[in-house]
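Structure assessment
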Amino acid sequence: MYGVTGFGLSALPVLAGAAAFGAGRVFFTPDAPLTGALIALVPATLAFGAAYALLILVAVRLLSLGLREGTHPTHSRVGWQAWTVTQLMDRSRETLFPLYAGLVTPVWLRLLGMRIGRGAEVSTVLALPSLTTVGEGAFLADDTLTAPYELGGGWMRIGRAEIGRRAFLGNSGMTAPGRSVPDGGLVGVLSATPKKAKKGSSYLGLPPVKLPRSAAGGDQSRTYDPPARLLWARGLVELCRIVPVFCSAAIGVLTVAALCALGGWAPVLSGLVLLAAGVAAALVSVVAKWLLVGRHRSGEHPLWSSFVWRNELADTFVEVVAVPWLAGSVPGTPLMTAWLRGLGARVGKGVWVESYWLPETDLVTLEDAATVNRGCVLQTHLFHDRILRTDTVVLREGATLGPGGIVLPGSTIGARTTLGPASLVMAAESVPDDTRWLGNPIEAWRP
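Right, let's walk through the structure included here. (Residues numbered from 1 in each chain as written. Predicted model: local features only at pLDDT ≥ 70, side-chain atom pairs only at ≥ 80, totals over all residues. Heavy atoms only, no water.)

Before going further, it helps to spend a moment on the nonpolar core. If you look at the biggest cluster of nonpolar residues, it comprises 43 residues, and the most contacted ones within it are Ile-56, Trp-108, Leu-109, Leu-112, Val-134, Ile-158 and Ile-163. Of all the secondary-structure elements, those providing two or more residues to this core are helix 1 (2-25), helix 2 (33-63), helix 3 (77-95), helix 4 (105-111), strand 4 (126-127), strand 9 (155-158) and strand 10 (161-163). Not counting residues within four places of it along the chain, the set of residues in contact with Val-134 comprises Met-114, Arg-115, Ile-116, Gly-117, Ala-120, Leu-140 and Ile-163. Of all hydrophobic cores here, the second largest spans 33 residues; its members include Val-318, Trp-339, Leu-340 and Val-407. (Core = buried A, V, L, I, M, F, W, Y, C linked by side-chain atoms within 4.5 Å. Buried < 20%, exposed > 50% of the residue type's maximum accessible area, 1.4 Å probe, protein only. Helix = DSSP H or I, 4+ residues; strand = E, 2+ residues; numbered from the N terminus. Contact = heavy atoms within 4.5 Å.)

Right, let's talk about a nonpolar patch on the surface for a bit. Together, Leu-272, Leu-275, Val-279, Leu-283 and Leu-335 make up an exposed nonpolar region whose accessible area comes to about 420 Å². For the nonpolar patch, the element with the most residues is helix 7 (residues 266-292), which contributes four residues. Residue classification places Val-279 among the partly exposed residues on the basis of a relative accessible area of 34%. (Patch = residues over 30% accessible without salt bridge, like charges linked within 9 Å, V, L, I, M, F, W, Y side chains within 5 Å. Areas by Shrake-Rupley, 256 points an atom, 1.4 Å probe, with all protein chains shown as cover. Salt bridge = Lys/Arg side-chain N within 4 Å of Asp/Glu carboxyl O.)

The contact between helix 6 (residues 242-262) and helix 8 (residues 306-325) brings their axes to 8 Å, and the two run at 20°. By the angle between their directions, the pair helix 6 and helix 8 is classed as roughly parallel. Helix-helix and strand crossings are classified by hand; for helix 6 and helix 8 the assignment is right-handed. Seen from helix 6, the contacting residues are Val-243, Pro-244, Val-245, Cys-247, Ser-248, Ile-251, Gly-252 and Thr-255; seen from helix 8, they are Thr-316, Phe-317, Val-320, Val-321 and Trp-325. Residue classes in the contact of helix 6 with helix 8 are distributed as nine nonpolar, four polar and no charged. (Axes fitted to C-alpha atoms, helices over the stretch in contact; angles between N-to-C directions. Parallel < 35°, antiparallel > 145°, perpendicular 65-115°, else oblique. Left-handed = near helix turned anticlockwise from the far one by under 90°. Nonpolar A, V, L, I, M, F, W, Y, C, P; charged D, E, K, R; others polar.)

What follows concerns the sheet that holds strand 6 (residues 139-140). If you trace the six strands from one edge of the open sheet to the other, you get 3-6-11-14-15-16, paired in mixed fashion. The open sheet has two edge strands with one neighbour each: strand 3 (121-122) and strand 16 (209-211). (Pairing = 2+ DSSP bridges.)

Turning our attention to the environment of Thr-86. Checked against the element boundaries, Thr-86 lands in helix 3. Put simply, Thr-86 and Ala-127 are 41 residues apart on the chain and 6.8 Å apart in space, counted from C-alpha to C-alpha. For Thr-86, the residues in contact, after removing those within four places along its chain, are Leu-126, Leu-128 and Tyr-149.

What follows concerns the packing of aromatic side chains. This model, assessed by the stated rule, comprises six aromatic pairs. Where Phe-139 meets Phe-383, the ring centres are 5.0 Å apart and the plane angle is 45°; that geometry is what we call tilted. Separated by 244 residues along the polypeptide, Phe-139 in strand 6 and Phe-383 in the loop between strand 23 (381-382) and strand 24 (387-390) bring together distant segments of the chain. In terms of burial, Phe-139 and Phe-383 fall into one category: buried. Taken together, the ring pairs connect Phe-139, Phe-168 and Phe-383 into an aromatic cluster. It is Arg-166 that lies over the ring of Tyr-224; its NZ or CZ is 3.8 Å from the centre. Sitting over the face of the ring of Trp-304, Arg-234 holds its NZ or CZ atom 4.7 Å from the ring centroid. (Phe/Tyr/Trp six-rings, centres within 6.5 Å; stacked < 30°, edge-to-face > 60°. Lys NZ or Arg CZ within 6 Å of the ring centre and 35° of its normal.)

The structure is reproduced here in structure tokens:
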């Protein structure tokens, strides 16, 4: 069943593509193939997205039936269901990216079976929907994990996860089966929810350590209780997230047209054609960033402000256009650094960058010979208390950030300093030159 399911998951885009073909051919004009393809692009793209979402929805709801808490053999019906649902949710985040981190996200997740309270903000969460509850006014940041299964010794443990009222789960934060983020609580970046978290308490790290923190006040109409005009304004901006999807589809159509025009030379020149398509996609994301948000600066922006919405829209251009066509395929190359410079990052000579996760690129400085490994996040913002706070992240000459590492805003990594894998640098930290650090949060890395 695991093997058959693998083939089924691979068939999802094929089935959605069939729906796109059926919708597009109605508008296609064979007398002018390229013009006809571009005319058919909008209905075909919408049909693909709708069909893919419907396939995900039906599959997740059916596979959630009988998905019960407890410890089960990995090779069992429940184990297979949990694994398949997780795979489907991961594909949903990738292919249906514009549906996440917006007003429509709670609606989509409720359809999948998740219990979500009023006013909750949810980004790219990976969850078992039927076992996850999100309280009123809660906030789940990027790449959070809720109620994931735990594997060990051929067994799989499954349980419920709950995010309390007005609770916060930070980027890459994890709430394991059977655990809860309490009401008003906070679990920080790359951190795990403890077993018995107290109401209003904050935690950071692996294992989690209690963090002294007082919640910041703010204008409720800009954080938790927006007026109708702001709801409509945000909705209109988020509706524009379909534009980068159309841009990516248009690049695909033009690429196919170019290969067809080359005829027998297509196999020889296809690499150059794809490189040109990637460069065009990268330029589209650069232009969108500068038109939508201009230059990023250190400061604070409440959730219900146009800057936050425009910033998310610019990020959609990166994720949907630039990453699949170029950035995801050229880590560690001069093309990657050239693209990041175009987005506003300060990148020195001989810098090695394998990650594109630089949320506010203008606030990032990578000095000569710095190294950023795969899966790293130069986290130039935090979203606590529904206020986006941005600040700089600096890697001095020759500094190295290990795979999966995260550096929080306001931090500086000293010259020739090394941070080990999956390490977390706290906000506003200054790490000394010529030292080695490891851990979450970091501590001295001794032999």
